[in-house]
Amino acid sequence: MAKWLMKSEPNKFSWDDLVAKGDVGEEWDGVRNYQARNFMRDMAIGDQVFFYHSNIGLEIVGIAEVSALAHPDSTTDDPRWECVDIRAVKPLPTPVTLKDVKATPELSQMALVTSMRLSVQPVTQEEWDLVCTMGGL
DNA sequence: GCCAACGTTGGC
DNA sequence: GCCAACGTTGGC
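Residues numbered from 1 in each chain as written. Chains lettered and ligands numbered in written order. Predicted model: local features only at pLDDT ≥ 70, side-chain atom pairs only at ≥ 80, totals over all residues. Heavy atoms only, no water.

What follows covers the overall build of chain A. When helices and strands are tallied, chain A shows five helices and six strands. Listing each helix as α and each strand as β along chain A from the N terminus yields β-α-β-α-β-β-β-α-α-β-α. Against the 2.2 N^0.38 benchmark of 14 Å for 137 residues, chain A shows a C-alpha radius of gyration of 14 Å, consistent with a compact globule. Each of the three principal axes of chain A carries a C-alpha extent, and together these read 40 × 30 × 30 Å. Burial status across chain A gives 46% buried among its 137 residues. When the accessible surface of chain A is split by element, carbon and sulfur atoms take 51% of a total near 7000 Å². (Helix = DSSP H or I, 4+ residues; strand = E, 2+ residues; numbered from the N terminus. Rg over C-alpha atoms; globule rule 2.2 N^0.38 Å. Buried < 20%, exposed > 50% of the residue type's maximum accessible area, 1.4 Å probe, protein only. Areas by Shrake-Rupley, 256 points an atom, 1.4 Å probe, with all protein chains shown as cover.)

Written out as structure tokens, the structure reads:
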């Protein structure tokens, strides 16, 4: 099962907003970046996703999962853009901040650090496990 | 609010 | 196919 990380600006769509959606989840629309789209095409139902708050908070706040495979983005007529749906699984007891990630040598290769602007990115199993531990799971 | 990084667009 | 201009992202 692959692991991922997705970013959202909490003043637009926050972790709490995703939790409020329940099992229905939320269409991850609005991505207009080929690399990010390609990663979403690679996702499978049930893949685990870190939910990261950009701009405000700057921390990984919870775990979500893919609830629908990539499909056309309903917010555009442009057939190039596709997205998955995700739903909340559980919050991290202790959010892991960007500062924490940068201060951890084992996490220095995370795309969160190396590809700052990529909004959908893969996470290795090792990184996943470590962030979960740091987050109190 | 500013600005650096970086991806995309469009003229040539 | 190159590269300058432009727009967007996201940390600070």
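Here the narrative resumes, following the displayed structure.
Let's shift gears to the protein's contact with DNA strand C. All residues in the neighbourhood of DNA strand C are listed as K7, Y52, S54, N55, L58, L98, K102, M116, R117 and S119. The share of sugar and phosphate among atoms of DNA strand C within 4 Å of the protein is 72%. Broken down by class, the residue content of the surface near DNA strand C amounts to four nonpolar, three polar and three charged. (Near = heavy atom within 4 Å. Nonpolar A, V, L, I, M, F, W, Y, C, P; charged D, E, K, R; others polar.)

For the rest of this paragraph, the subject is the pattern of salt bridges. Tallied over the full model, the rule gives six salt bridges. We note a salt bridge from K12 to E9, for which the minimum N-O separation is 3.4 Å. Residue K12 is classed as exposed on the basis of its relative accessible area of 62%. Here E65 makes a salt bridge to R87, at a shortest N to O gap of 2.9 Å. Of the two residues, E65 is situated in strand 4 (residues 59–72) and R87 in strand 5 (residues 82–97); the sequence distance between them amounts to 22 residues. (Salt bridge = Lys/Arg side-chain N within 4 Å of Asp/Glu carboxyl O.)

With that settled, the discussion passes to the nonpolar core. Counting residues in hydrophobic clusters, the biggest one holds 21 residues, and the most contacted among them are M6, W28, M40, M43, F51, I86 and V120. Among the secondary structure elements, those contributing two or more residues to this core are strand 1 (3–8), helix 1 (15–21), helix 2 (34–42), strand 3 (48–53), strand 4 and strand 5. Once you skip the residues sitting within four places of it in the chain, F51 turns out to touch M6, S8, F13, S14, W15, L18, W28, E59, I60, V61, G62 and I86. I60, L92, V101 and M110 belong to the second-largest nonpolar core, a separate cluster that totals 16 residues. (Core = buried A, V, L, I, M, F, W, Y, C linked by side-chain atoms within 4.5 Å. Contact = heavy atoms within 4.5 Å.)

Now for the environment of A64. Its location among the elements puts A64 in strand 4. For the pair A64 and M134, spaced 70 residues apart in sequence, the C-alpha separation works out to 17 Å.

Attention shifts here to unusual backbone geometry. Note: most residues except glycine have negative phi, and most peptide bonds are trans. If you check the backbone angles, N55 has positive phi at about 70° while not being a glycine. Within the element layout of this structure, N55 appears in the loop between strand 3 and strand 4. With relative accessibility at 58%, the residue N55 sits in the exposed group. Even without a glycine there, the phi angle at L58 is positive, about 50°. In this structure, L58 sits in the loop between strand 3 and strand 4. You can call L58 partly exposed: its relative accessible area is 35%.

With that settled, the discussion passes to the sheet that holds strand 5. Spatially, the six strands line up as an open sheet ordered 2-5-4-3-1-6, and their pairing is mixed. Since the sheet does not close on itself, it has two edges, and those belong to strand 2 (26–27) and strand 6 (120–123), each with one partner. Two elements, strand 1 and strand 6, share four bridges in a ladder whose sense is antiparallel. Across the sheet, the residue bridging to K3 is V123, located in strand 6. (Pairing = 2+ DSSP bridges.)

Note that every value here comes from positions in space, so none of it alone points to a role or purpose.
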